[in-house]
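Remarks on the overall topology
Now for the letters of each chain:
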Amino acid sequence: ADGADSDEAQAMMQRLGVSGSCESVEPPEPLQRFLYTWGDNNCGQLGRSNGDDEGDVPRLVKAFFNKHRNESVMRVRPSLGESVAIQAEEVCCAMYSWGDNYNGQLGLNDDISAPQSRSTPTLIQGELEGLVMKDVACGENHCLALSSEGHIYTWGEGSEGQLGTGETDPVQGWFAPHKVEAADLAGMRVEDVAAGQSFCACIAVERE
């Protein structure tokens, strides 16, 4: 009877796709997540071409499409005229931006006197290079990003103090990501970020 019960149990596990041995089972590959955009494209904010006038229906942003690698768009945050997205790339989550860049809100370190808009997603480097990015928020003309280590990085328009640097006069540094250092955030780990038109907010917990 015990043998029959064992055979029945083994058959049931096979029907359910469960192995009765101790062999390791490879987890399924995660599904790729693709980005689609539509609407106004006067500043390249759809991540396609400025000459692409077919913005009235969703279309794939081909810059993120790579059928040979398991890459996915994890987050996308559109704003007034720009967009920022986080893409998972092997061991890193990199950040890309595109669209209007008049106020340096793409974080690409353009010359402050002659910023250039981008019509296709462009990798944000500088202080974000090599970091695993967790989230991003966009205000009207500024952005703030959250790293997996719980630090905030900001860039773009800062005349209302929304970059958290303590400065309100335009400087070249506004056009590239920089880590926010503040006395009240010392010893804290930021868990969530948000942006309004010209201000920012975050939720933080004490570091262990």
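Structure shown above.
Overview of the structure. (Residues numbered from 1 in each chain as written. Predicted model: local features only at pLDDT ≥ 70, side-chain atom pairs only at ≥ 80, totals over all residues. Heavy atoms only, no water.)

1. As for the overall build of the chain
For clarity, the cut-off: Under the DSSP-based scheme used, a helix requires at least four consecutive residues in state H or I and a strand at least two consecutive residues in state E, with every element numbered from the N terminus. Per-residue accessibility, obtained with a 1.4 Å probe over protein chains only, is compared with the maximum for each type, and a residue is labelled buried under 20%, exposed over 50%, and partly exposed between these values. Any pair of residues with heavy atoms lying within 4.5 Å of one another is described as a contacting pair.
Within the chain, the secondary structure is distributed over one helix and twelve strands. With 208 residues in all, the chain has 36% of them scored as buried. Taking as baseline every contact in the chain between residues at least 6 positions apart, the subset at least 24 positions apart corresponds to 49%.

2. Digging into the nonpolar core
The nonpolar side chains of a soluble globular protein tend to be buried, and buried together. Counted only if it meets this: We call a set of buried residues a nonpolar core when its members are Ala, Val, Leu, Ile, Met, Phe, Trp, Tyr or Cys and they connect through side-chain atoms within 4.5 Å of each other.
Counting 16 residues, the largest nonpolar core has Val84, Met95, Ile124, Leu128, Met133 and Trp155 as its most contacted members. Counting residues per element, the ones that place at least two in this core are β4 (82-89), β5 (92-99), β7 (133-138), β8 (142-147) and β9 (152-156). At three residues, β7 tops the list of elements feeding residues into this core. Contact partners of Met133, with chain neighbours within four places excluded, come to Ile86, Cys93, Met95, Leu128, Ala145, Leu146 and Ser147.

3. Considering the side chain of Arg48
What counts, and what does not: In protein, a polar contact means a hydrogen-donor-capable atom and an acceptor-capable atom, both N or O and within 3.5 Å, with residues adjacent in sequence counting only if both atoms are side-chain atoms; elsewhere, any N or O pair within 3.5 Å suffices.
By secondary structure assignment, the location of Arg48 is in the loop between β1 (36-37) and β2 (59-60). Of the polar contacts made by the side chain of Arg48, one reaches the backbone oxygen of Thr37; its length is 2.9 Å.

4. So, the sheet that holds β7
Here is the rule: Pairing between two strands is assigned when DSSP locates at least 2 bridges connecting them.
The four strands lie next to each other as β7-β8-β9-β10, forming an open sheet whose pairing is antiparallel. Edge positions in the sheet fall to β7 and β10 (178-179), since each has one partner strand and no second. In the sheet, β9 pairs with β10 via two bridges, with the strands oriented antiparallel. Looking at the pairing, Thr154 lines up with His178 of β10.

5. Some points on unusual backbone geometry
With a phi close to 60°, Asn109 is a non-glycine residue in the positive phi region. Looking at where Asn109 falls in the secondary structure, it is placed in the loop between β5 and β6 (118-123). Owing to a relative accessible area of 46%, Asn109 belongs among the partly exposed residues under this scheme.

Everything listed here is a matter of geometry and, on its own, says nothing about what the molecule does.
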